[in-house]
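Structure assessment
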Amino acid sequence: MPSTPTYSRRTVLGLGLGGLGTTLTAAVAWGQRSDPGTFRIASLHVANDSSERAPVEIAVGTDLETARETTRWLDPAGHESGRDRQAVRGPWHETARPYGLRAQLGEESLRLSSEAIADQLEDGWGVTEAHVTITVTPDRRLEADVFALA
């Protein structure tokens, strides 16, 4: 008659703890998975590559109609003051949410939805951090550069 294998208490305890550890690790990883369109704007900058002073109006928020607005006066490109590039601070640095962004320079305007920003970021685990730079080009148009740091 073949014998039935038996396991010691240590083996059973070890297998149980290993399974529990794997389950907890998977649960934490799933919780860190980013939702589509949800990211934290880790940095937001405006830059002027034109030869004229540029007042750029910036609005960032979950609802662009009631978003926080600010105006940055940018000196001409290469100006000795160094104020041709400025950081824009706001509550979007703190939490991951579906933000939109609007920039305006006179009649020229640029609007980025959460989806448009997220499309330019790499897919991955955890909260995605967007780094955004709005640039006034030499011909006084607005361009956006969106990227994520590894």
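Residues numbered from 1 in each chain as written. Predicted model: local features only at pLDDT ≥ 70, side-chain atom pairs only at ≥ 80, totals over all residues. Heavy atoms only, no water.

Here the protein averages 81 in pLDDT, while 81% of its residues score no lower than 70. Looking over the protein, one finds the lowest element-wise mean pLDDT in helix 1 (residues 9-32), namely 74, and the highest in strand 6 (residues 108-112), namely 93. (pLDDT = per-residue confidence, 0-100. Helix = DSSP H or I, 4+ residues; strand = E, 2+ residues; numbered from the N terminus.)

Moving on: unusual backbone geometry. Residues other than glycine seldom take positive phi values, yet arginine 140 does so here, at roughly 65°. Inspection of the secondary structure puts arginine 140 in the loop between strand 7 (128-136) and strand 8 (142-147).

Spatially, 4 strands are ordered 3-2-5-6 in an open sheet, and the strand pairing comes out antiparallel. Of all the strands in the sheet, the pair left with one neighbour each is strand 3 (68-74) and strand 6. Each adjacent strand pair in this sheet contributes to an overall mean axis angle of 15°, direction not counted. (Pairing = 2+ DSSP bridges. Axes fitted to C-alpha atoms, helices over the stretch in contact; angles between N-to-C directions.)

Attention now goes to a nonpolar patch on the surface. Taken together, the side chains of Leu13, Leu17, Leu20 and Leu24 define a hydrophobic patch exposed on the protein surface, amounting to about 410 Å² of accessible area. Within the fold, leucine 24 resides in helix 1. (Patch = residues over 30% accessible without salt bridge, like charges linked within 9 Å, V, L, I, M, F, W, Y side chains within 5 Å. Areas by Shrake-Rupley, 256 points an atom, 1.4 Å probe, with all protein chains shown as cover. Salt bridge = Lys/Arg side-chain N within 4 Å of Asp/Glu carboxyl O.)

The next thing to look at is the nonpolar core. As a rule of thumb, nonpolar side chains are buried together in soluble globular proteins. Leu44, Val56, Ile58, Val60 and Ile134 are the most contacted members of the largest nonpolar core, which totals 26 residues. Here leucine 44 is in contact with Ile58, Val60, Gln86, Ala87, Val88, Trp92, His93, Leu101, Val132 and Ile134, once residues within four sequence places are set aside. (Core = buried A, V, L, I, M, F, W, Y, C linked by side-chain atoms within 4.5 Å. Buried < 20%, exposed > 50% of the residue type's maximum accessible area, 1.4 Å probe, protein only. Contact = heavy atoms within 4.5 Å.)

Turning to the side chain of asparagine 48, a few remarks are in order. Along the chain, the position of asparagine 48 falls in strand 1 (residues 39-48). A distance of 2.7 Å separates a polar atom in the side chain of asparagine 48 from a polar atom in the side chain of serine 50. One polar contact links the side chain of asparagine 48 to the main-chain carbonyl oxygen of aspartate 75, over a distance of 3.0 Å. Apart from the residues within four sequence positions on either side, asparagine 48 is in contact with Arg53, Ala54, Leu74, Asp75, Pro76, Ala77, Asp84 and Val136. (Polar contact = N/O pair within 3.5 Å; in protein donor to acceptor, adjacent residues only side chain to side chain.)

Close approach of charged atoms lets side chains of opposite charge pair. Scanning all chains against the criterion turns up 3 salt bridges. Across the salt bridge formed by arginine 53 and aspartate 75, the nearest N and O atoms sit 3.6 Å from each other. Taken as a pair, arginine 53 in the loop between strand 1 and strand 2 (54-61) and aspartate 75 in the loop between strand 3 and strand 4 (85-87) lie far apart in primary sequence, 22 residues in all. Judged by its relative accessible area of 13%, aspartate 75 falls in the buried class. Between glutamate 69 and arginine 102 there is a salt bridge, with its nearest N and O atoms 3.0 Å apart.

Among the secondary structure elements, tyrosine 99 is positioned in the loop between strand 4 and strand 5 (100-105). Spatially, the C-alpha atoms of tyrosine 99 and valine 60 are 6.7 Å apart, while their sequence positions differ by 39 residues. In this view, tyrosine 99 contacts Phe39, Ile41, Val60, Gly61, Thr62, Pro91, Trp92, Ser113, Ser114 and Ile117; residues no more than four positions away in its chain are not counted.

Counting buried positions over the 8 residues of strand 2 gives 6, a clear majority of the element. Direction of pairing for strand 2 relative to strand 3: antiparallel, over a ladder of 7 bridges. Bridge assignment links valine 60 to a residue of strand 3, and that residue is arginine 68. Here strand 2 runs beside strand 5; their pairing, made up of 5 bridges, is antiparallel. Its bridge partner lying in strand 5, glycine 61 is registered against glycine 100.

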